[in-house]
Amino acid sequence: MSVSLKGRSFLTIKDFTKEELEEILAQGERLKLDHYAGKDEKLLNGKSIGVIFEKPSTRTRVSFAVAIYQLGAQALILNTSNMQLKRGETVADTGRVLSRYLNGIVARVYSHKTLEDLRDYGTVPVINALSDYTHPCQIMGDLLTIKEKKGHLEEIKIAYLGDGNNVCHSILFGASKFGMNVAVATPKGYEPKRDVVKDAERFAKESGGSVLITNDPEEAVKDADVIYTDVWASMGEEAEHDERVKVMRPYQVNDSIVEKAKREVIVMHCLPAHRGEEITDSVIDGPHSVVFDQAENRLHIQKAILSLLI
Ligand code: CP
Ligand code: NVA
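## Topic: the site of ligand 2
With respect to spatial proximity, the complete set of residues near ligand 2 consists of Leu 130, Asn 165, Asn 166, Asp 230, Val 231, Ser 234, Met 235 and Leu 271. Here Asp 230 contributes a side-chain N or O atom positioned 2.6 Å from a nitrogen atom of ligand 2. A distance of 2.7 Å is found between a nitrogen atom of ligand 2 and a side-chain nitrogen or oxygen belonging to Ser 234. The fraction of the free accessible surface of ligand 2 (270 Å²) that becomes covered by protein chains is 95%. Looking at the shell around ligand 2, its residues break down into four nonpolar, three polar and one charged.

This is the structure in structure tokens:
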């Protein structure tokens, strides 16, 4: 059964039912096949979509611009450093004004509250392109990748190692919605937010999945089908980099930890990677790594999200 998502904003995976998320994945699979068959459908023909960045980006910037083009719409890539936001215009007024021109807003922001304000004061769908809280488009693309590699999501064990950050939060939401077994290993003091873990535990109960939060990386990767990691210092945390490298060293994804998972484990990273820190060259360039397939799937899943919501 098809569900209508038209007009909705996409701020976190937790706001969507499993059925709605399945619809997004199915649309992503369809659009990817169409793309490879040379049949991109102009599902957003004539529309205009703003893509706003408060922070740097390579994948998100380019994959959204290309996604919007392939859907027949135009992308306006906006950096807040040269918007009036920089000179004190409020987010609320920005949302109100942009809604008069645009059919949708994609935004990468420091504070998640900025996305909520754009959604609440504007009148067009807002899509989260990363905030301090979550990175939902990333994880939807990653779920598509896991499905492609493993054939299904239910009962897959995903182990996340390192910092309990925005990417980790979205993995907790996504995995628990789909009945996966998610294990997160972080150093003490770097665990994912308590309310995120609570929500994920509730979703896992409904879906038949499970959630484990531990400080032991070996416990997390035992029997894992997927190992996932991300940078130890996210954008905005550069000043803490050296201290974080010291505490997170035991959580590095290297050959020895990969050997402790299932033999056919896949290794994922949202990129950009800090090679030699959270992941070694031998792993990211090795036979288990699917990081560039993940990066590609950002394009297909974002086309799905845009075409269903806008
Ligand atoms: N993974 C990801 O969002 O990459 P960018 O920061 O390059 O957009
Ligand atoms: N956790 C990282 C993800 C980058 C795509 C950050 O927020 O910088």
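There's plenty left to go through after this.
## Describing the sheet that holds strand β3 (residues 104–108)
Spatial strand order, β2-β1-β3-β4: four strands in an open sheet with parallel pairing. Edge positions in the open sheet fall to β2 (74–79) and β4 (126–128), since each of these has one partner strand only. Each strand of the sheet is rotated relative to its neighbour by a mean of 20°, with strand direction disregarded. Against the sheet, helix α4 (residues 112–121) contacts β3 and β4, and its axis sits at roughly 165° relative to β4.

## Things to note about the sheet that holds strand β8 (residues 226–229)
In space, the five strands of this open sheet follow the order β7-β6-β5-β8-β9, with parallel pairing throughout. At either margin of the open sheet sits one strand with a lone partner, and together these are β7 (210–214) and β9 (266–269). Across the sheet, the axes of successive neighbouring strands diverge by a mean angle of 20°, strand direction being ignored. Here five bridges tie strand β6 (residues 181–185) to β7, and the two strands are oriented parallel to one another. Its bridge partner being in β7, Asn 181 is matched across the sheet by Ser 210. Where helix α12 (residues 291–309) meets the sheet, it contacts β8 and β9, and its direction lies at approximately 50° from that of β9.

## As for the state of the cysteines
Throughout the structure, instances matching the rule amount to zero disulfides. Not part of a disulfide, Cys 168 finds its nearest cysteine sulfur in Cys 270, a span of 11 Å. The class for Cys 270 is buried, based on a relative accessible area of 6%.

## Side note on the environment of Tyr 121
For Tyr 121, the position within the fold is in helix α4. When the C-alpha atoms of Tyr 121 and Val 97 are compared, they prove to be 9.4 Å apart, with 24 residues separating the residues in sequence. If we ignore the near neighbours within four places in the chain, the residues touching Tyr 121 are Ala 92, Gly 95 and Arg 96.

## Thoughts on the site of ligand 1
Near ligand 1 you find Ser 57, Thr 58, Arg 59, Thr 60, Arg 108, His 135, Gln 138, Cys 270, Leu 271 and Arg 298, and these make up its full shell. In the model, an oxygen atom of ligand 1 is placed 2.8 Å from a nitrogen or oxygen of the Arg 59 side chain. The contact in question runs from an oxygen atom of ligand 1 to an N or O atom on the side chain of Thr 60, over 2.6 Å. The fraction of the free accessible surface of ligand 1 (260 Å²) that becomes covered by protein chains is 95%.

## A short note on the pairing of strand β1 (residues 48–53)
In terms of burial, β1 is largely enclosed, as six of its six residues are buried. Burial of β1 is two-sided: the residues Ser 48, Gly 50 and Ile 52 facing one way and the residues Ile 49, Val 51 and Phe 53 facing the other way are all buried. When β1 meets β2, the two strands line up parallel, connected through six bridges. Counterpart to Phe 53 in the pairing with β2 is Asn 79. With helix α2 (residues 59–70) bridging β1 and the parallel β2, this β-α-β connection has right-handed handedness. In terms of strand pairing, β1 meets β3 through five bridges, oriented parallel. By the bridge assignment for β3, Val 51 is matched with Val 106.

Criteria and thresholds
- Residues numbered from 1 in each chain as written.
- Chains lettered and ligands numbered in written order.
- Predicted model: local features only at pLDDT ≥ 70, side-chain atom pairs only at ≥ 80, totals over all residues.
- Heavy atoms only, no water.
- Near = heavy atom within 4 Å.
- Polar contact = N/O pair within 3.5 Å; in protein donor to acceptor, adjacent residues only side chain to side chain.
- Areas by Shrake-Rupley, 256 points an atom, 1.4 Å probe, with all protein chains shown as cover.
- Nonpolar A, V, L, I, M, F, W, Y, C, P; charged D, E, K, R; others polar.
- Pairing = 2+ DSSP bridges.
- Helix = DSSP H or I, 4+ residues; strand = E, 2+ residues; numbered from the N terminus.
- Axes fitted to C-alpha atoms, helices over the stretch in contact; angles between N-to-C directions.
- Contact = heavy atoms within 4.5 Å.
- Disulfide = S-S within 2.5 Å.
- Buried < 20%, exposed > 50% of the residue type's maximum accessible area, 1.4 Å probe, protein only.
- Right-handed = clockwise from strand over helix to strand, strands pointing away.

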